[in-house]
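Here's the letter readout for the chains.
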Amino acid sequence: MKTTFEHTQIAGMKLKNRIIRSATYEGMVDKNGFPTEKLKNLYVRLSKGGVGAIITGFRVVQANGKSSGLNDAMIDNNKSIEAYKEITDAVHEYDTPIIMQLSHCGRQTRSQITGLPTVAPSALRDAFYSEDMPKSLSEDEINELINSFVSAIIRAREAGFDGVQLHLAHGYLLSEFLSSYANHRKDQWGGSTAN
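What you see is a predicted model, and the numbers here were worked out from it, not measured in a lab. Within each chain, residue numbers correspond to sequence positions counted from 1 in written order. Local features in this predicted model are restricted to residues whose pLDDT is 70 or higher, and side-chain atom pairs enter the listing and the counts only when it is 80 or higher, whereas totals over whole chains, interfaces and linings include all residues. As a convention, hydrogens and water are excluded, and side-chain values are obtained from all of the structure's heavy atoms.

1. So, the pattern of salt bridges
Right, on to step 1. Salt bridges are counted wherever a side-chain nitrogen of Lys or Arg sits within 4 Å of a carboxyl oxygen of Asp or Glu. For the structure shown, the criterion picks out nine salt bridges.
Right, on to step 2. Put simply, Glu 26 and Arg 59 hold a salt bridge, and the shortest N to O gap is 3.2 Å. Placement of Glu 26 in the loop between strand S3 (20-21) and helix H1 (37-48) and of Arg 59 in strand S4 (residues 53-60) is noted, with a sequence separation of 33 residues between them. Taken individually, Glu 26 and Arg 59 each receive the classification buried, so the pair is uniform in this respect.
Right, on to step 3. Salt-bridge contacts for Asp 126 lead to Arg 107; the nearest nitrogen and oxygen are separated by 3.7 Å. Note that Asp 126 is positioned in the loop between strand S7 (119-120) and strand S8 (135-136) and Arg 107 in the loop between strand S6 (98-103) and helix H3 (111-114), a separation of 19 residues in sequence. Residues Asp 126 and Arg 107 agree in their burial class; the two are buried.
Right, on to step 4. Each of the salt bridges in this network shares a partner with another, and the network as a whole consists of Arg 21, Glu 26 and Arg 59. Where helices and strands are cited, they refer to DSSP runs of H or I of at least four residues and of E of at least two residues respectively, numbered from the N terminus. Summary of the burial criterion: residues with accessible area below 20% of their type's maximum are buried, those above 50% are exposed, and those between are partly exposed, where the area comes from a 1.4 Å probe applied to protein chains only.

So, in structure tokens, the structure goes:
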């Protein structure tokens, strides 16, 4: 129990204790996916309450990667940096590191929500999100997606986040690439785990 409340470090990031608020869906964004005052207040309450670090709910790196729910937080353009900077500044007043989780939902979304074609490593329909047959990403599109993640990381840093976490779970796009069930590619992006 004692170590729970001791100072620690993760990759040079200082935490006042070992209690980390895990990434959770908040939905506290405006129609453009920008954070609201309500979201800022949530993170400030967590910081004031003494949490050692905060990991945000996921932020989407491309519009076609939104979830099928409502109010996904976005980090797909520079216009969001200023709104996120207000949050990180407020949280840092309480010496609390904040980490942005980045995601793309891949085939686990609906084109009727995103307004864009659903994409995946391979053109295989998801069992639950079955309305759309996802488009298999071309190599150029994969490189564009990588660049979208890199750009989101740069935006997060410019907004004052202390780190990023890549969402590689729940059958979203990055985990689809790691899954032999969802990834049937025969090129450098499929087959072995190394690929």
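2. A closer look at the packing of aromatic side chains
Right, on to step 1. A pair of Phe, Tyr and Trp rings is counted when the ring centres sit within 6.5 Å of each other, with Trp represented by its six-membered ring. The angle between the planes then sorts it: under 30 degrees is stacked, over 60 is edge-to-face, the rest tilted. Evaluation of the coordinates by the stated rule reveals three aromatic pairs.
Right, on to step 2. Considering the side-chain rings of Phe 58 and Tyr 172, the 5.6 Å spacing of their centres and the 80° angle between planes classify their relative orientation as edge-to-face. Linking Phe 58 in strand S4 with Tyr 172 in the loop between strand S9 (163-166) and helix H5 (173-178), this pair joins segments that are 114 residues apart in sequence. There is no split in this pair, since Phe 58 and Tyr 172 are both buried.
Right, on to step 3. With a centroid separation of 5.0 Å and 90° between ring planes, the pair formed by Phe 128 and Tyr 129 is classed as edge-to-face.
Right, on to step 4. For Tyr 129, a relative accessible area of 15% corresponds to the buried category.

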